[in-house]
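Now for the letters of each chain:
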Amino acid sequence: AAKDRGRARLELFSDELYERAEKRMRIESDLRVALREQQLFVEYQPQVRLKDGRVVGVEALVRWKHPKFGVVPPGDFIGVAEDCGLINGIGRLVLEQSCRQLADWTRLAPGRPLAMTVNVSPRQLSDPAFFTELRQVLADTGIDPRALCLEVTESAMMRAPAEIVQLLDQIRQLGIYIAIDDFGTGHSSLSRLRDMPAEVLKIDRSFVDGLGSETGDTAIVSSILSLAYAMGKHTIAEGVEQPEQAALLLRMGCEAAQGYFFSRPVAAEQIPPLLTGALWEARSPGAPHSAPH
Ligand code: C2E
Ligand code: MG
Ligand code: MG
Ligand code: MG
């Protein structure tokens with residue numbers, strides 16, 4: 001009987017594995033079509049400067065309008081795209097589209113500086129064509145390289161071999177900024193962090209969640225902020241959903257934040273109206289100026 005149970009479990013397990021493998025293959029082949037048929041598009045989430053509530057940048061986030069399943073979030077396909085190499089094509093599309101978009105917005109309101117942040121996978125950074133493509137996009141769109149920021153996750157950054165760190169340095173020398181995404185989740189070593197050509201730390205949403213209620217989270221956010229300040233790096237908090245979190249972040253010296261509280265990621269057309277006013281007004285304007293500037 002034990003043998004039977006064992007076999008039953010084994011079959012169940014392989015069924016699951018099979019289904020998962022099949023699902024991934026399905027996603028992969030649908031994604032190839034998606035790239036060809038332009039089913040991928042980009043939404044933009046505002047990034048707000050906490051001291052005055054102004055939108056100072058946006059993060060480009062890819063979406064997939066699947067003909068059968070509707071809008072699929074990136075969490076459901078980026079991993080597959082990374083494994084099968086399609087991430088390079090997707091990344092190129094997002095980079096081109098978001099830089100063109102930034103050029104349009106800048107033409108509409110030349111006096112108002114706005115930064116565009118684009119997520120980049122490690123696989124894109126290992127692509128020998130990436131740097132050339134990046135320079136090509138800058139040339140084609142004419143955007144100021146200092147208005148572009150590339151986000152690499154902390155875990156990818158910490159695993160990056162010397163060639164990738166060198167590439168990031170070269171990118172930095174073009175004027176483009178580098179941000180470390182999901183900071184706090186990727187086991188940074190301090191010496192490695194010091195040597196990284198990244199000037200922005202993005203505090204992971206998981207710590208912002210418990211800000212003010214969980215002492216552990218508050219302590220983590222506070223130590224990330226002091227570390228950033230000591231290293232002369234800029235800070236953005238992710239996943240702000242409550243006004244109390246925004247107020248606390250401002251008090252703790254965080255410079256900028258994004259999250260559903262300010263705005264969800266939205267279609268490009270919805271961004272310009274958000275640029276004229278403030279998305280938030282800090283209740284106590286006399287907050288301490290402990291941030292880098
Ligand atoms: P991420 O770069 O850390 O992006 C932040 C994610 O948090 C986004 O999810 C955003 O919609 C979500 N978010 C923003 N504010 C809030 C909030 O207040 N509460 C909650 N619960 N969530 C919030 P999204 O768009 O589903 O993207 C998930 C991840 O997929 C991204 O995490 C990023 O790692 C990856 N991704 C998205 N677009 C791209 C892309 O173009 N290229 C690459 N390589 N990865 C991408
Ligand atoms: Mg990101
Ligand atoms: Mg993140
Ligand atoms: Mg993330």
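In what follows, the structure referred to is the one given above.
Residues numbered from 1 in each chain as written. Chains lettered and ligands numbered in written order. Predicted model: local features only at pLDDT ≥ 70, side-chain atom pairs only at ≥ 80, totals over all residues. Heavy atoms only, no water.

Student: Report on the pairing of strand β2 (residues 55–66), specifying residues and quantitative values.
Tutor: β2 sits mainly inside the fold: ten of its twelve residues count as buried. With nine bridges joining them, strand β1 (residues 40–49) and β2 adopt antiparallel strand pairing. Across the sheet, Val42 pairs through a bridge with Val62, a residue of β2. What sits between β1 and β2 in their antiparallel hairpin is a turn of five residues, with Gly53 showing a positive phi close to 75°. Strand direction decides the pairing type here: β2 and strand β4 (residues 115–119), joined by four bridges, are parallel. Counterpart to Gly57 in the pairing with β4 is Ala115. Bridging between β2 and strand β3 (residues 70–72) involves three bridges; their strand directions are antiparallel. Bridge pairing links Trp64 to Val72 in β3. (Buried < 20%, exposed > 50% of the residue type's maximum accessible area, 1.4 Å probe, protein only. Helix = DSSP H or I, 4+ residues; strand = E, 2+ residues; numbered from the N terminus. Pairing = 2+ DSSP bridges.)

Student: How would you explain helix α10 (residues 215–231) if you had to name every residue and give the values?
Tutor: Compared with the 24 Å implied by 1.5 Å per residue over 17 residues, the 24 Å span of α10 between its first and last C-alpha is a close match. Buried within α10 we find Asp217, Val221, Ile224, Leu225 and Ala228. Viewed along the axis of α10, the buried residues span an arc of 95°, placing them on a single side of the element. Of the exposed residues in α10, the ones pointing more than 90 degrees away from its buried face are Thr215 and Ala230. Here the buried face of α10 lies against β6 (177–183), β7 (200–203), α9 (205–209), β8 (234–237) and α11 (243–251). Where α10 ends, the next residue or the one after it, Gly232, has phi of about 70°, a positive value. (Expected span 1.5 Å × (residues − 1). Arc of directions from axis to C-beta. Contact = heavy atoms within 4.5 Å.)

Student: I'd like a description of the packing of aromatic side chains, backed by residues and values.
Tutor: Tallied over the full model, the rule gives four aromatic pairs. Here Tyr44 and Trp105 contribute two aromatic rings whose centre-to-centre distance is 5.2 Å and whose plane-to-plane angle is 75°, an arrangement assigned as edge-to-face. In this pair, Tyr44 sits in strand β1 while Trp105 sits in helix α3 (residues 87–108), placing the two residues 61 residues apart along the sequence. No difference in accessibility class separates Tyr44 from Trp105, as the two residues are buried. The interplanar angle of 85° and the centroid separation of 5.4 Å between the aromatic rings of Trp64 and Phe77 together place this pair among those described as edge-to-face. Highlighted residues: Trp64 in strand β2 and Phe77 in the loop between β3 and α2 (78–84), separated in sequence by 13 residues. (Phe/Tyr/Trp six-rings, centres within 6.5 Å; stacked < 30°, edge-to-face > 60°.)

Student: So, the coordination of the magnesium ion (ligand 2): which residues are in play, and what are the values?
Tutor: All of the protein donors around the magnesium ion (ligand 2) are Glu59 (OE), Asn119 (OD1), Glu151 (OE) and Asp181 (OD); their distances to the metal are 1.9 to 2.3 Å. For the magnesium ion (ligand 2), the donor residues sit on a single chain with the sequence spacing E-x59-N-x31-E-x29-D. A separation of 4.1 Å is found between the magnesium ion (ligand 2) and the magnesium ion (ligand 3), which share Asp181 as a coordinating residue. Within this pair, whereas Glu151 is found in strand β5 (residues 148–153), its partner Asp181 is found in strand β6, the two being separated by 30 residues in sequence. As far as burial versus exposure is concerned, Glu151 and Asp181 are alike and both buried. (Donors = N, O, S within 2.8 Å, 3.2 Å for Na, K, Ca; no water.)

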